[in-house]
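Survey of secondary and tertiary structure
Residues per chain, in single letters:
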Amino acid sequence: MYFEPKIETMAREDLRRLQLERLQATLTRVSRNVPHYRKRFAEMGIDPDGFLSLDDVRRLPFTTKKDLRDSYPYGLFAVPLRDVVRLHASSGTTGKPTVVGYTRNDVKRWAGLVARVLTAGGAGRDDVVQISLGYGLFTGGIGFHYGAEAIGAAVIPASSGNTRRQAMIMEDYRTTTLVCTPSYALHLADALDELDINANALSLRHGLFGAETWTEGMRAKIESRLKVTATDNYGLSEIMGPGVAGECQERGGMHVSEDHFLMEIVDPVTGEPVAEGECGELVLTTLTKEAFPMIRFRTGDLTRIMPGECPCGRTFRRIGRILGRTDDMLIIRGTNVFPSQIEAVLLEVEGITPHYQVVVERQGALDEATVEVEATESVFLDRISEHQNLVERLRKRLASELGVSFRVRLVEPKSLERTDGKVKRVLDRREQPGASCPG
Ligand code: DLL
């Protein structure tokens with residue numbers, strides 16, 4: 001099922017033509033209306049009318065989080081505030097968050113793009129969609145809400161938190177589609193167990209998850225505990241919010257709505273394009289945004305373009321699972337480690353949850369990394385000697401599988417700090433390390 005069949009299956013050459021037209025219009029607009037881009041284009045001798053091929057995008061300057069922070073709050077807006085109908089902000093765990101704006105047209109297009117990923121994820125007008133993502137400045141809740149209304153589903157704006165109540169709602173309202181972060185999906189599964197609600201007796205069929213990194217192991221766990229097909233969904237507030245890319249039922253990567261976003265994968269260090277299919281940093285240019293257009297935004301997210309065509313018939317290319325963030329890769333005593341590799345190990349050990357955080361510090365000349373992981377309720381109530389056994393087992397397992405010795409600390413269930421439902425995976429208290437892809 002497609003939300004917009006003609007567009008989602010359009011021929012690649014038609015798509016490229018459309019992208020070029022839209023890129024030209026965007027460049028003209030930003031050079032006219034956004035002083036930051038006008039200045040950068042002038043410095044680099046870029047004439048927006050001289051763009052005749054999509055490959056020319058490489059001549060354009062990158063936009064970084066620093067550019068956004070320097071323009072806080074409204075400096076990069078391309079329309080006057082009177083044309084803005086909505087403001088959101090990035091979660092911004094460090095420093096000032098980023099404020100993003102939407103015109104009436106932007107809000108409408110956004111709903112359409114989220115409607116596409118919801119449809120791809122299996123939802124339709126007969127569904128009861130429970131949105132258990134935070135409503136507020138975070139784009140997750142409201143973003144999915146408008147998309148779910150656009151497909152005509154019955155929407156439950158549950159927001160995040162009050163998990164036991166959510167589990168009851170899920171049973172009583174006969175929710176068929178759940179939208180939340182993957183870690184919250186597991187919390188909901190725990191709450192169902194606590195309430196003695198059998199997932200088999202629920203009406204759940206599909207789950208759309210995203211907003212944080214997760215692994216195939218976590219997908220398998222969610223699918224078996226909640227009895228859903230679990231699809232991955234990607235987006236970021238700087239570009240729009242959810243709806244930038246989402247998996248279809250094939251679950252082989254997330255289709256990027258390329259008619260609205262131009263994607264590149266670059267080497268995070270040199271900024272040069274990587275070879276076809278290789279992992280690198282995702283860079284996005286918006287092609288239709290009115291209030292907050294972005295030129296070559298460095299997302300910081302590491303992924304790759306999946307090879308081949310998708311059997312679902314969509315012609316939009318797919319990106320693979322987000323493998324980590326350029327700023328989350330750890331180099332512990334010379335070995336590169338990504339949080340997702342740690343998560344894969346945690347999933348195999350009984351008594352702990354996959355909710356964790358890695359704290360890295362420099363002790364003298366050496367790096368010390370501590371994995372803080374939330375224990376399950378029952379383990380947390382156990383005797384201290386049991387904790388020590390578990391910590392020791394986990395430490396050995398991490399050392400043998402990742403080649404790095406971590407300290408391990410068990411913490412109380414649900415105690416790691418969450419922003420918009422997401423745990424910040426890495427707290428690096430050293431100077432910032434460089435970044436590259438895993439493996
Ligand atoms: O997290 C938007 C969103 C909401 C996407 C709900 C999907 C579902 P931000 O708060 O601006 O926006 O955070 C964006 O979250 O740069 C990634 O690092 C991470 N992220 C988003 N989706 C995924 C995903 C929303 N599917 C940042 N897998 C991005 C891994 C993700 N990381």
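Bear in mind that the values here come from a model prediction, so they are computed numbers and not experimental data.

The rules behind each value
Residues numbered from 1 in each chain as written. Predicted model: local features only at pLDDT ≥ 70, side-chain atom pairs only at ≥ 80, totals over all residues. Heavy atoms only, no water. Axes fitted to C-alpha atoms, helices over the stretch in contact; angles between N-to-C directions. Helix = DSSP H or I, 4+ residues; strand = E, 2+ residues; numbered from the N terminus. Parallel < 35°, antiparallel > 145°, perpendicular 65-115°, else oblique. Left-handed = near helix turned anticlockwise from the far one by under 90°. Contact = heavy atoms within 4.5 Å. Near = heavy atom within 4 Å. Polar contact = N/O pair within 3.5 Å; in protein donor to acceptor, adjacent residues only side chain to side chain. Areas by Shrake-Rupley, 256 points an atom, 1.4 Å probe, with all protein chains shown as cover. Nonpolar A, V, L, I, M, F, W, Y, C, P; charged D, E, K, R; others polar. Buried < 20%, exposed > 50% of the residue type's maximum accessible area, 1.4 Å probe, protein only. Pairing = 2+ DSSP bridges. Right-handed = clockwise from strand over helix to strand, strands pointing away. Domains from an automatic or database assignment. Buried area = accessible area lost by both parts, 1.4 Å probe. Salt bridge = Lys/Arg side-chain N within 4 Å of Asp/Glu carboxyl O. Phe/Tyr/Trp six-rings, centres within 6.5 Å; stacked < 30°, edge-to-face > 60°. Lys NZ or Arg CZ within 6 Å of the ring centre and 35° of its normal.

Orientation of helix H10 (residues 339-346) relative to helix H12 (residues 384-402), taken along the N-to-C sense of each, is 130°, at an axis distance of 10 Å. In terms of axis orientation, H10 runs oblique to H12. Considering only the axes of H10 and H12, their crossing is right-handed. Taking contact as the criterion, the partners of Gln341, Ile342, Val345 and Leu346 in H10 are, on H12, Leu394, Arg397, Leu398, Glu401 and Leu402.

In this section: the site of the ligand. Asp232, Asn233, Ser237, Asp301 and Lys422 are the nearest of the 21 residues found near the ligand. Asp232 places a side-chain nitrogen or oxygen 2.8 Å from a nitrogen atom of the ligand. Within the side chain of Lys422, one N or O atom sits 2.9 Å away from an oxygen atom of the ligand. The protein chains hide 93% of the 610 Å² of surface that the ligand would expose on its own. Counting residues per element, the ones that place at least two in the shell around the ligand are helix H6 (139-150) and strand E7 (229-236). Split by residue class, the shell around the ligand holds eight nonpolar, eight polar and five charged.

This brings us to the pairing of strand E5 (residues 177-180). Every regular strand shows the same layout, with side chains that alternate between the two sheet faces. Residues Thr177 and Val179 line one face of E5 and the alternating positions Leu178 and Cys180 line the opposite face, and both faces are buried. In the sheet, strand E3 (residues 128-131) pairs with E5 via three bridges, with the strands oriented parallel. When the bridges of E5 are listed, Val129 appears paired with Thr177. Pairing analysis gives four bridges linking E5 to strand E6 (residues 206-210), with the strands arranged parallel. By the bridge assignment, Thr177 is partnered in E6 with His206. Taking the sense of rotation as the criterion, the β-α-β connection linking E5, helix H8 (residues 182-194) and E6 turns out right-handed.

In the segment running from Tyr72 into Pro73, the intervening peptide bond is cis, with an omega of -5°. Its place among the elements puts Pro73 in the loop between helix H4 (65-70) and strand E1 (84-89).

What follows is about the domain arrangement of the protein chain. Along its sequence, the protein chain is organised into domain 1 (1-326) and domain 2 (330-428). Taking only C-alpha atoms into account, the centre of domain 1 sits 29 Å from that of domain 2. Each partner contributes to the interface: domain 1 provides 19 residues, whereas domain 2 provides 16 residues. Carbon and sulfur atoms supply 57% of the area that domain 1 and domain 2 bury against each other, a total of about 1,600 Å² over both sides. Counting across the interface, domain 1 meets domain 2 through zero salt bridges. Linking domain 1 with domain 2 are four residue pairs in polar contact (both at pLDDT 80 or more). When residues of the side of domain 1 that touches domain 2 are traced back to their parent elements, those giving at least two are H8, helix H9 (216-226) and strand E14 (324-325). For the side of domain 1 that touches domain 2, the class distribution of residues is seven nonpolar, nine polar and three charged.

Quick look at the sheet that holds strand E11 (residues 280-286) now. Across the sheet, which stays open at both edges, the four strands sit in the order E10-E11-E12-E14 with antiparallel pairing between neighbours. Lying at the two open borders of the sheet, with one neighbouring strand each, are strand E10 (261-266) and E14. Relative to strand E12 (residues 297-303), E11 is paired through four bridges, and the arrangement is antiparallel. Bridging from a neighbouring strand, Glu281 pairs with Leu302 of E12.

Glancing now at the pattern of salt bridges. With the rule as written, the count across this model stands at 31 salt bridges. Note that Glu43 and Lys39 form a salt bridge whose closest N and O atoms lie 3.6 Å from each other. With Glu43 and Lys39 both in helix H3 (residues 35-43) and four residues apart, the pair spans about one turn of that helix. Judged by its relative accessible area of 54%, Lys39 falls in the exposed class. For the salt bridge of Arg325 with Asp327, the shortest nitrogen-to-oxygen distance reads 3.0 Å. Take Asp327: its relative accessible area is 37%, and that puts it in the partly exposed class.

Bringing the packing of aromatic side chains into the picture now. Per the stated rule, a full pass over the model turns up five aromatic pairs. Judged by centre distance (5.9 Å) and plane angle (80°), the rings of Phe209 and Trp214 are edge-to-face. Residue Phe209 is classed as buried on the basis of its relative accessible area of 1%. Trp214 gets classed as buried once you look at its relative accessible area, which sits at 2%. Taken together, Tyr74, Phe77 and Phe292 form an aromatic cluster joined through their ring pairs. One Lys or Arg, Arg59, reaches over the ring of Phe51 and ends 4.9 Å from the middle of that ring.

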